[in-house]
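What follows is the residue order along each chain.
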Amino acid sequence: MRLGVLTSGGDCPGLNAVIRAVVRKVERHLNGTVIGFRDGYLGVMEDRYEVLTIDRCRGILPRGGTILGTSRHQPYAHPGGVDKVRATMVRRGLDGLVVIGGNGSLGAARDLHTDGVAVVGVPKTIDNDLGATEVTFGFDTAVATATEAIDRLHTTAESHDRVMLVEVMGRHVGHIATWSGIAGGASMILVPEEPFDIDEVCDTLRRRHDQGRFASIVVVAEGAVPVEGSFALPDPGVDQFGHQRLGGIAHLLAPEIEARTGFETKVVVLGYLQRGGSPTAADRVLASRFGIAAAEAAADHEWGTMVAIRAGKVVRVPLVEAVAEPKVVAADIHDVGKVFFA
Ligand code: F6P
């Protein structure tokens, strides 16, 4: 078997663990070869690749990022992109492609399958917003990174009696905010799934202040939104790939909170720290399981499927189903955080 592998979309810790697992399974157990395309789908369209061997993958398990590079380019957004993908696969004699990506990249993989291209998907994103899998690799590491940052911010917020707004990533869902907010002991967690009322936020902060337990840490998901009409947000615009620009909500909230409560309010935007660094043990194991399962699905010619984790088991789900609905934060886990709001 000859397989191509590519990493597409936002990077995250664990990508190299997937690559390493695919290569090990294919080379050692399936008597095949793997080539890795550079910079996501762009490398496939431009036929830029490197041969991946077990030796080439030595030492990459704990490394964040992706040795192949990534991009947000999609074949359907490039004139003749799909034909270029097909031509590269024929030229390289590939049986199929393993696409490691999030919603956008796996949506393109779904369409490639519909158009007759042999693909298998691996769910990747720190956002954990892919509906067909209980968790994506990258998420656990992002939560660990955000939690460590929140732990650090408690001591400085307490020393100055300040409100600290900590903005985390997650696009249009609040998994990172909810999990790191609970783990980090946040006083409040603002997520896209539950629009916030600025008056209620300020009342909660005042109650904490009145109870003498000040130094509030408020974790704000970058996609958090105010209750309609309660707080004006500027038009965010879209990036070159058509994604709504996110980030900056905490900087808009801070002056408003300070003006209404009189409490000194500071902002920390964790940004790309959540995408960097070495994957946690949990992410290394999950990524390795996904990589092996993807190679096995390819060997079984189960094209058009994505590997996923459900009830602790790795399963295969149709790509069509995998990217249908984003996974939002379940009310019961968000309610856990609410127990600790003042
Ligand atoms: O999807 C992962 C993610 O980190 C989101 O949480 C974030 O909004 C986005 O990517 C940032 O995209 P970029 O890396 O293109 O700035």
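Residues numbered from 1 in each chain as written. Predicted model: local features only at pLDDT ≥ 70, side-chain atom pairs only at ≥ 80, totals over all residues. Heavy atoms only, no water.

J.: Is there a simple way to think about the site of the ligand in this case?
T.: Near the ligand you find Arg72, Thr125, Ile126, Asp127, Met169, Gly170, Arg171, Glu222, Tyr272 and Arg275, and these make up its full shell. Asp127 places a polar side-chain atom, nitrogen or oxygen, 2.7 Å from an oxygen atom of the ligand. Arg171 has a polar side-chain atom sitting 3.4 Å from an oxygen atom of the ligand. Protein chains shield 78% of the accessible area of the ligand, which is 400 Å² for the free molecule. Among the residues making up the shell around the ligand, the classes are represented as three nonpolar, two polar and five charged. (Near = heavy atom within 4 Å. Polar contact = N/O pair within 3.5 Å; in protein donor to acceptor, adjacent residues only side chain to side chain. Areas by Shrake-Rupley, 256 points an atom, 1.4 Å probe, with all protein chains shown as cover. Nonpolar A, V, L, I, M, F, W, Y, C, P; charged D, E, K, R; others polar.)

J.: Looking at this model, I keep getting lost on the pattern of salt bridges. Mind explaining?
T.: For side chains of opposite charge, pairing can occur when their charged atoms come near one another. This structure, assessed with the given rule, holds 23 salt bridges. Across the salt bridge formed by Arg48 and Asp39, the nearest N and O atoms sit 3.0 Å from each other. Taken together, the shared-partner salt bridges connect Arg38, Glu50 and Arg56 into one network. (Salt bridge = Lys/Arg side-chain N within 4 Å of Asp/Glu carboxyl O.)

J.: What am I meant to see in helix α6 (residues 175-183) here?
T.: Owing to its 3.6 residues per turn, the α-helix brings residues three or four apart onto one side. Listing the buried residues of α6 in full gives His175, Ile176, Ala177, Thr178, Ser180 and Gly181. Along its buried surface, α6 packs onto α5 (139-160), β6 (163-168), β7 (188-190), β8 (217-221) and α11 (331-338). Just beyond α6, the residue with positive phi is Gly185, at close to 70 degrees. (Buried < 20%, exposed > 50% of the residue type's maximum accessible area, 1.4 Å probe, protein only. Helix = DSSP H or I, 4+ residues; strand = E, 2+ residues; numbered from the N terminus. Contact = heavy atoms within 4.5 Å.)

J.: Where do I start with the sheet that holds β7 in this structure?
T.: Either a parallel or an antiparallel arrangement is found when strands of a sheet pair, and the pairing is made through backbone hydrogen bonds. One open sheet accounts for four strands, arranged β7-β8-β6-β9; its pairing is parallel. At either end of the open sheet lies a strand with only one pairing partner, and these are β7 and β9 (265-269). Looking at each pair of strands side by side, their axes are set apart by 20 degrees on average, direction ignored. In this sheet, β8 lies alongside β7 in parallel orientation, the contact comprising three bridges. Among the inter-strand pairings, Leu190 is bridged to a residue of β8, identified as Val220. Across the sheet, α6 touches β6, β7 and β8, and the angle it forms with β7 is around 175 degrees. The strands touched by helix α7 (residues 198-210) within the sheet are β6, β7 and β8, with β7 carrying the most contacts at an inclination of about 165 degrees. (Pairing = 2+ DSSP bridges. Axes fitted to C-alpha atoms, helices over the stretch in contact; angles between N-to-C directions.)

J.: How do you make sense of the pairing of strand β11 (residues 313-318) when you look at a structure like this?
T.: Side-chain positions along a regular strand alternate between the two faces of the sheet. One ladder, built from six bridges, connects strand β10 (residues 305-310) with β11; its direction is antiparallel. Across the sheet, the residue bridging to Met306 is Val317, located in β11. Where β10 folds back onto β11 in an antiparallel hairpin, the turn is made up of two residues, including Ala311, whose phi is positive at roughly 50 degrees.

J.: Just checking my understanding: could you explain the state of the cysteines for this structure?
T.: Where two cysteines share a covalent bond between their sulfur atoms, that bond is called a disulfide. Applying the stated rule across the entire model yields zero disulfides. The structure places no disulfide on Cys57, whose sulfur is separated from the nearest cysteine sulfur, that of Cys12, by 16 Å. (Disulfide = S-S within 2.5 Å.)

J.: Would you explain the domain arrangement of the protein in this entry?
T.: Size of an interface: often given as the accessible area lost when the parts come together. Here the protein is partitioned into domain 1 (2-138 + 279-322) and domain 2 (141-275). Placing the centre of domain 1 and that of domain 2 at their C-alpha centroids yields a distance of 33 Å. Between domain 1 and domain 2, the contact holds 14 residues from the first and 13 residues from the second. The contact between domain 1 and domain 2 buries some 1,200 Å² in all, and 54% of this surface belongs to carbon and sulfur atoms. For the pair domain 1 and domain 2, the number of links is two salt bridges. Here domain 1 and domain 2 share six residue pairs in polar contact (both at pLDDT 80 or more) between them. Looking at side-chain class alone, the side of domain 1 that touches domain 2 contains four nonpolar, five polar and five charged residues. (Domains from an automatic or database assignment. Buried area = accessible area lost by both parts, 1.4 Å probe.)

J.: What exactly am I supposed to notice about the packing of helix α1 (residues 15-29) against helix α9 (residues 281-299) here?
T.: A pair of packed helices is characterised by two quantities: the angle between their axes and the separation of those axes. As a packed pair, α1 and α9 sit with axes 7 Å apart at the nearest point and diverge in direction by 40 degrees. Taken together, the axis directions place α1 and α9 in an arrangement best described as oblique. The interaxial crossing formed by α1 with α9 has right-handed handedness. Residue-level inspection shows Ala17, Val18, Arg20, Ala21, Val22, Lys25 and Val26 of α1 in contact with α9, the latter providing Arg284, Ala287, Ser288, Gly291, Ile292, Ala295 and Glu296. Looking at the contact of α1 with α9 residue by residue, the class counts come to eight nonpolar, two polar and four charged. (Parallel < 35°, antiparallel > 145°, perpendicular 65-115°, else oblique. Left-handed = near helix turned anticlockwise from the far one by under 90°.)

J.: How do you make sense of the pairing of strand β4 (residues 96-101) when you look at a structure like this?
T.: Most of β4 sits inside the fold, with six of its six residues counted as buried. With burial as the criterion, each face of β4 is covered, one bearing Gly96, Val98 and Ile100 and the other bearing Leu97, Val99 and Gly101. Where strand β1 (residues 2-7) meets β4, five bridges bridge the pair, whose relative direction is parallel. Looking across to β4, one finds that Leu6 is bridged to Val99. In this structure, β4 lies alongside strand β5 (residues 119-123), joined through five bridges in parallel fashion. Opposite Gly101, over in β5, you have Pro123 as the bridge partner. The β-α-β motif built from β4, the intervening helix α4 (residues 103-114) and the parallel element β5 has right-handed crossover chirality. (Right-handed = clockwise from strand over helix to strand, strands pointing away.)

J.: Even after reading the chapter, I still don't get the sheet that holds strand β3 (residues 49-52), so can you show me in this structure?
T.: The seven strands are arranged β3-β2-β1-β4-β5-β10-β11 in an open sheet whose pairing can be described as mixed. Sheet topology places β3 and β11 at the edges, where each strand pairs with a single neighbour. Between one strand and the next, the sheet's axes are offset by a mean angle of 30 degrees, whatever the strand orientation.

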